[in-house]
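Chain by chain, the residues run as shown.
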Amino acid sequence: MWYHRPPVTAELLQSLPNLQIVASAGAGIDHLDLKLIASFGVKVANTPAAVSTDTADMAVALLLASARRLVEGYQLAVSPDTRHFPADWLGTAVAGATLGIVGMGTIGYKVAQRARAFEMKILYHNRRQRSRAEEGAVGAVYCQKLEELLQQSDFVLLCVTLTPQTHRLIGRRELELMKPTATLLNISRGLVVDQEALVEALQNQVIKAAALDVTHPEPLPRDHPLLTMKNVIITPHMGGSTRRTYSCMMETLTESIEAALAGLPVPNEV
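Within each chain, residue numbers correspond to sequence positions counted from 1 in written order. This being a predicted model, a pLDDT of at least 70 is required before a residue's local features are given, and a value of 80 or more before pairs of side-chain atoms are given or counted; all residues contribute to the totals for chains, interfaces and linings. Side-chain measures were taken over the full set of non-hydrogen atoms in the model, leaving aside hydrogen atoms and water.

An unreviewed UniProt entry lists the protein chain under the name Glyoxylate reductase/hydroxypyruvate reductase, with Rhinopomastus cyanomelas given as the organism.

Q: Explain the pattern of salt bridges to me, and be specific about the residues and the numbers.
A: Salt bridges are defined as contacts in which a side-chain nitrogen from Lys or Arg sits within 4 Å of a carboxyl oxygen from Asp or Glu. On inspection of all chains with the given rule, the structure shows 10 salt bridges. Residue Lys179 is joined to Asp154 by a salt bridge in which the shortest nitrogen-to-oxygen separation is 3.0 Å. Here the residue Lys179 occupies a position in the loop between helix H8 (172-177) and strand S7 (183-186), and Asp154 occupies one in the loop between helix H7 (146-152) and strand S6 (155-158), the gap between them amounting to 25 residues. In the salt-bridge network here, residues are joined through shared partners; they are Glu147, Arg173 and Glu174. Helix and strand assignments follow DSSP, with helices taken as H or I runs no shorter than four residues and strands as E runs no shorter than two, numbered in order from the N terminus.

Q: Lay out the pairing of strand S3 (residues 98-102) in plain terms, naming residues and giving numbers.
A: Look at any regular strand and the pattern is simple: side chains alternate between the two faces of the sheet. Residue exposure (1.4 Å probe, protein chains only): buried if accessible area is under 20% of the type maximum, exposed if over 50%, otherwise partly exposed. In terms of residue burial, S3 counts as a mostly covered element, since 5 of its 5 residues are buried. Covered by surrounding structure in S3 are Thr98, Gly100 and Val102 together with Leu99 and Ile101, the residues of both alternating faces. When DSSP finds two or more bridges between two strands, those strands count as paired. With 5 bridges connecting them, S3 and strand S4 (residues 121-125) associate as parallel partners. Considered in S4, the bridge of Thr98 is made with Lys121. Clockwise travel from the first strand over the helix to the second, with the strands pointing away from the viewer, marks a crossover as right-handed. Each parallel crossover has a hand, and for S3 linked through helix H5 (residues 106-117) to S4 it is right-handed. One ladder, built from 4 bridges, connects S3 with S6; its direction is parallel. Directly across from Gly100, in S6, lies its bridge partner Val156.

Q: Just give me the short version of the side chain of Asp194, but keep the residues and values in it.
A: For Asp194, the location among the structural elements is in the loop between S7 and helix H9 (195-203). The definition of a polar contact used here is a pair of N or O atoms within 3.5 Å, where within protein one atom must be able to donate a hydrogen and the other to accept one, and adjacent residues in sequence count solely through side-chain atom pairs. A distance of 3.2 Å separates the side chain of Asp194 from the backbone nitrogen of Glu196, its partner in a polar contact. Ignoring any residue separated from it by four or fewer positions in sequence, one finds Asp194 in contact with Arg168, Ile170 and Gly171. Between two residues, a contact is recorded if the distance between any of their heavy atoms is within 4.5 Å.

Set out below in structure tokens:
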């Protein structure tokens, strides 16, 4: 599967009696009905390791771009109406700021490694606490409750998998817990955030800004309010979109398929 196609429906599975594996590019599997697929005796594999490095880079790129108002600055610099650069054009300092990572899996941890190089303070919330050695390596502090992280963070980064438990994990209540100077960053799935609540929070200055590599739907309708807000950066779900990642994903998919056909353990089986 590439870009969630073809859709794996009951009709498709019934039409392929010899199917042994569904190999899906990327880390997310929210587009797959795992119980349905398993009921046909079919295995599922994805490519989480292939996308982790470049997606972590994208998270940092969004953080820096939002903090330093990169898109606004570019538009100012190239505008035909610009006659001078304002002296009060100010961004947000990253060094010394607190980054709260929601979901400290492979990608979240790689973001923490990068953030430490920017001298950021790192908090994280996860289903399980990382080992003391892993925490110490990146200077991360565990928040057992999401609320603790939201209240303390200058930047909140969403790195969770989309599940029934994380659907609209960030809603009106969670946004109101954040600092009015905070930025929400999302590189997971659009449905992790209640977008209507996010629009209201941005319009009413409940939070300062948002940087989103994912939305729901993708792309957003052309009249969606998020598309016209100066304090919002939106990119087209391009976290893992590099030549290296795509090549690695294809190699990983091929390995999984070959293993399944040979009756061997499947790498990255879900």
